[in-house]
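The primary structure of each chain is shown beneath.
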Amino acid sequence: MKRLPADQLLAWFAHARRDLPWRQQRTPWRVWVAEIMLQQTTALVASKRFPEFMQRFATPRALAGAEESAALAAWAGLGYYRRVRSLQQAARVVVRDHAGSVPRNEQILRGLPGIGDYTAAAIVALAFNQPAAVIDANVARVMARWLGHESPVNSQAFRSAAREVLLHSVPAAQARNFSEALIELGALLCRAAAADCAACPLARSCVAHSTQSVERFPHPAPRKLSTAVDSLRLLVRRGRRVVMVQRPADAALLPGFWELPGAWLPRGSATDAAMLRTLLAPIGLKAAGEGRVLRQVSHSITTHRLRCRLVEVDARGRLRSAALVDPTAPQRNLTTESAKLLRVGAI
Ligand code: SF4
């Protein structure tokens, strides 16, 4: 089986390595938090926010014992809040079942909330210096090109081939540097748009480079279809405050977040008086009149493309399951859709 030239890779990494905050002091908890933060956040943003988060929650025990609102507040602005919720749940399991120490076993790690194959392998290799196949998007791109693999990077065929080569190539005592070097190589040289093959320590054995077909790899994963929906959000004022509702704690998307009352509806749904009645009844209000459209904006969230309409409604009644919020005060845990509507509506 082909082996990656580990010696050349490690020699390159020794001088090319960037000094990122999570690389100082490689404790298992720091590695774990960094990997979760880097999942949907750029290294530039994460490098600014990571030290602050670690100062607030220096150990799994510190995060496990905190209020959820404190964890969300420390994550504010990074988006994809499910990440920090899962991290806190996992920290509680670590405190309860592992005396507060991060497990070093890949399989046990994979059983913790929010930890998938990649994160478990990264913790094992980067924190415990044990061989593991650490395949993030950067490494997948490097491996697809180096192997000249014709399957999409999310296919089982590619994952197995890459995994086998990585485990076969990693020097036993250098698992941490080897894994980190490949991630760094993907970020700095084997970039998606412009690979710098002339500087690459893998170039001599790279299939894509030797066949001058770097742009052909990796083959893209089949696109997930996105769904187009209409979103109707209601602006009900009470003096300077507006009515907001909280999403259920078990909602699949953004559980516990606050938003303007309303709903996602199939494209082209009527937004007439009957619809307003339906949306306002659960919070104890009754619309007086038709309402007027204040703004319409586009917004995307996960695989949904939203056409959002902000409708101001004069509504009466006794509020229930809702709260009055000052929209000009800094809002934590507000859905990005409602935040955007309030912002563009200059509310
Ligand atoms: S030689 Fe070029 S394509 Fe191959 S791994 Fe290096 S940077 Fe990527």
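Predicted, not measured: the structure shown is a model, and the values here were computed from it.

1. A look at the layout of surface pockets
1) Next: Considering only enclosed or pocket space, the largest pocket measures out at about 750 Å³ in volume.
2) Next: What lines the largest pocket is a set of 28 residues, among which Leu38, Tyr118, Asp136, Ala137 and Asn138 lie closest to the centre.
3) Next: Counting only elements with at least two residues in the lining of the largest pocket, the list comes to helix 2 (28-38), helix 8 (117-128), helix 9 (137-147) and helix 11 (175-188).
4) Next: For the lining of the largest pocket, the residue count by class is 13 nonpolar, six polar and nine charged.

2. A few points about the sheet that holds strand 5 (residues 262-266)
1) Next: In spatial order, the strands read 5-1-8-7; together these four strands make up an open sheet with mixed pairing. Both edges of this open sheet fall to strand 5 and strand 7 (292-301), since each of them pairs with a single strand only. The mean inter-strand angle of the sheet, taken between neighbouring strand axes irrespective of direction, is 25 degrees.
2) Next: Relative to strand 8 (residues 304-312), strand 1 (residues 227-235) is paired through nine bridges, and the arrangement is parallel. Within strand 8, the residue paired with Val229 across the bridge is Leu306.
3) Next: Strand contacts of helix 14 (residues 336-344): strand 1, strand 5, strand 7 and strand 8, with the helix running at about 140 degrees to strand 7, the strand carrying the most contacts.

3. Description of empty space enclosed by the protein
1) Next: Evaluation of the coordinates by the stated rule reveals two cavities of 30 Å³ or more.
2) Next: Volume-wise, the largest cavity comes out at about 120 Å³.
3) Next: Together, 16 residues line the largest cavity, and Arg145, Cys190, Cys197, Cys200 and Cys206 are the ones closest to its centre.
4) Next: Sorting the residues of the lining of the largest cavity by element identifies helix 9 and helix 12 (207-210) as the ones contributing at least two each.
5) Next: Take the lining of the largest cavity: its biggest share by element is three residues, from helix 9.

4. Some words on the pattern of salt bridges
1) Next: Enumeration according to the criterion identifies 19 salt bridges in this entry.
2) Next: Of the charged contacts, one joins Arg23 and Glu184 as a salt bridge, the two residues approaching to 3.0 Å between their closest N and O atoms. You can see Arg23 sitting in the loop between helix 1 (6-16) and helix 2 and its partner Glu184 sitting in helix 11, a full 161 residues away along the chain. The exposure classification of Arg23 matches that of Glu184, with both residues buried.
3) Next: Notably, a salt bridge pairs Asp326 with Arg240, separated by 3.8 Å at the nearest N-O pair.

5. Topic: the domain arrangement of the chain
Note on interface size: it is often stated as the accessible area lost on association of the parts.
1) Next: In terms of domains, the chain is made up of domain 1 (6-216) and domain 2 (227-344).
2) Next: Centre-to-centre separation of domain 1 and domain 2, based on C-alpha positions: 38 Å.
3) Next: Each partner contributes residues to the interface: domain 1 has six residues there, and domain 2 has eight residues.
4) Next: For the pairing of domain 1 and domain 2, the buried interface totals around 550 Å² over both sides, and the portion due to carbon and sulfur atoms is 54%.

6. A closer look at the packing of aromatic side chains
For any pair of aromatic rings, the description consists of the separation of the ring centres together with the inter-plane angle of the planes.
1) Next: Summed over the entire model, instances satisfying the criterion amount to five aromatic pairs.
2) Next: Geometrically, the ring pair formed by Phe53 and Phe57 is tilted, given 5.1 Å between the ring centres and 55 degrees between the ring planes.
3) Next: We classify Phe53 as buried; its relative accessible area is 1%.
4) Next: Taken together, the ring pairs in this structure connect Phe53, Phe57 and Trp75 into an aromatic cluster.
5) Next: The side chain of Lys2 reaches across the aromatic face of Trp146, ending 3.9 Å from its centre.

7. Remarks on the packing of helix 2 against helix 3 (residues 43-56)
1) Next: Contact pair helix 2 / helix 3: the axes reach a minimum separation of 10 Å and the direction vectors enclose 140 degrees. With respect to helix 3, the element helix 2 is oriented oblique. With respect to the hand of their crossing, helix 2 and helix 3 are arranged in right-handed fashion. Contacts from Trp29, Arg30, Val33, Ala34, Met37 and Leu38 of helix 2 reach helix 3 at Ala43, Ala46, Arg49, Phe50, Phe53 and Met54.

8. Digging into helix 3
1) Next: With 14 residues, helix 3 extends 20 Å from end C-alpha to end C-alpha; this agrees with the ideal 20 Å at 1.5 Å per step.
2) Next: Among all positions of helix 3, only Ala46, Arg49, Phe50, Phe53 and Met54 are buried.
3) Next: Its buried side turned inward, helix 3 meets helix 2, helix 4 (60-64), helix 5 (68-75) and helix 6 (82-98).

9. Looking at the site of the ligand
1) Next: Around the ligand, the neighbouring residues are Arg145, Cys190, Cys197, Cys200, Ala203, Cys206, His209 and Val214.
2) Next: Spatially, the ligand is embedded in the largest cavity.
3) Next: Its residues assigned to classes, the shell around the ligand shows six nonpolar, one polar and one charged.

10. Focus: the side chain of Ser86
1) Next: Take Ser86: it is sitting in helix 6.
2) Next: Here Ser86 falls in the buried class, since its relative accessible area comes to 13%.
3) Next: The residues contacting Ser86, other than those within four sequence positions of it, are Pro113 and Gly114.

Quick notes on the rules
- Residues numbered from 1 in each chain as written.
- Predicted model: local features only at pLDDT ≥ 70, side-chain atom pairs only at ≥ 80, totals over all residues.
- Heavy atoms only, no water.
- 1 Å grid on protein atoms, 1.4 Å probe; cavity = no way out; pocket = protein on both sides within 12 Å on 5 of 7 lines; lining within 4 Å.
- Points joined across faces, edges and corners; volume = space filled by probe spheres on them.
- Helix = DSSP H or I, 4+ residues; strand = E, 2+ residues; numbered from the N terminus.
- Nonpolar A, V, L, I, M, F, W, Y, C, P; charged D, E, K, R; others polar.
- Pairing = 2+ DSSP bridges.
- Axes fitted to C-alpha atoms, helices over the stretch in contact; angles between N-to-C directions.
- Contact = heavy atoms within 4.5 Å.
- Salt bridge = Lys/Arg side-chain N within 4 Å of Asp/Glu carboxyl O.
- Buried < 20%, exposed > 50% of the residue type's maximum accessible area, 1.4 Å probe, protein only.
- Domains from an automatic or database assignment.
- Buried area = accessible area lost by both parts, 1.4 Å probe.
- Phe/Tyr/Trp six-rings, centres within 6.5 Å; stacked < 30°, edge-to-face > 60°.
- Lys NZ or Arg CZ within 6 Å of the ring centre and 35° of its normal.
- Parallel < 35°, antiparallel > 145°, perpendicular 65-115°, else oblique.
- Left-handed = near helix turned anticlockwise from the far one by under 90°.
- Expected span 1.5 Å × (residues − 1).
- Near = heavy atom within 4 Å.
- Sits in = over half its atoms within 2 Å of the grid points.

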